[in-house]
Amino acid sequence: MDCLFCAIIEGKIPSTKVYEDDCVLAFKDINPNAPVHVLVVPKTHIESVDCVNEDNVDFVAKVMLAIPKVAKVCGLENGYRVITNVGEDGGQTVKHIHFHILGGEKLPVKLA
Ligand code: 5GP
Ligand code: ZN
């Protein structure tokens, strides 16, 4: 399987890590859209939110538990936004579930 984020998790492609535990990795987005832009991923390959099921939901839950820790490490005490894009219409470009953490400024454009 050819997956960019699995390659980053395995250390085959370098990244700037900001948080790591047994199940989760968080690293800086290569093309940031805010002063802080970090991607949080499970170390298990799941394609997107559309592929979450009873067997893999615990890995996603671990990501949810990590997100406030990542935000704290990044100094986002005034709030932040969490985004996950799903599929073609959602604008997902990397097919390994990931949660964008954006912050460090008052964020523009609120779609939801
Ligand atoms: P998506 O568009 O799938 O929601 O988000 C994919 C994100 O991965 C984009 O924000 C993009 O900038 C980021 N990205 C793509 N390639 C790399 C890479 O090689 N390293 C890092 N750190 N981020 C990447
Ligand atoms: Zn993957």
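Scroll up a little and you will see the structure.
What this report covers is the structure whose coordinates are included nearby. (Residues numbered from 1 in each chain as written. Chains lettered and ligands numbered in written order. Predicted model: local features only at pLDDT ≥ 70, side-chain atom pairs only at ≥ 80, totals over all residues. Heavy atoms only, no water.)

## Focus on the coordination of the zinc ion (ligand 2)
Protein coordination at the zinc ion (ligand 2): the donors are C3 (SG), C6 (SG), H45 (ND1) and H96 (ND1), at 2.1 to 2.3 Å from the metal. Because the angles between the four donor atoms bound to the zinc ion (ligand 2) fall within 105 to 116°, the donor set is best described as tetrahedral. Donor residues for the zinc ion (ligand 2), ordered by position in the chain, follow C-x2-C-x38-H-x50-H. By relative accessible area, which is 12% here, C6 ends up buried. (Donors = N, O, S within 2.8 Å, 3.2 Å for Na, K, Ca; no water. Tetrahedral: all angles 85-135°; square planar, octahedral: opposite > 155°, others 65-115°. Buried < 20%, exposed > 50% of the residue type's maximum accessible area, 1.4 Å probe, protein only.)

## Some details on the site of ligand 1
In the region of ligand 1, 16 residues are neighbours, and K28, D29, N85, T93 and H100 sit closest. Between T93 and ligand 1, the recorded distance is 2.7 Å, taken from a backbone N or O atom to an oxygen atom. In the environment of ligand 1, an oxygen atom lies 3.0 Å from a nitrogen or oxygen atom belonging to the backbone of V94. For ligand 1, whose unbound accessible area comes to 520 Å², protein coverage reaches 82%. Here ligand 1 occupies the largest pocket. Listing elements by their share of the shell around ligand 1, those giving two or more residues are α1 (4-9) and β2 (24-28). With three residues, the single largest contributor to the shell around ligand 1 is α1. When grouped by side-chain class, the residues that make up the shell around ligand 1 number seven nonpolar, seven polar and two charged. (Near = heavy atom within 4 Å. Polar contact = N/O pair within 3.5 Å; in protein donor to acceptor, adjacent residues only side chain to side chain. Areas by Shrake-Rupley, 256 points an atom, 1.4 Å probe, with all protein chains shown as cover. 1 Å grid on protein atoms, 1.4 Å probe; cavity = no way out; pocket = protein on both sides within 12 Å on 5 of 7 lines; lining within 4 Å. Sits in = over half its atoms within 2 Å of the grid points. Helix = DSSP H or I, 4+ residues; strand = E, 2+ residues; numbered from the N terminus. Nonpolar A, V, L, I, M, F, W, Y, C, P; charged D, E, K, R; others polar.)

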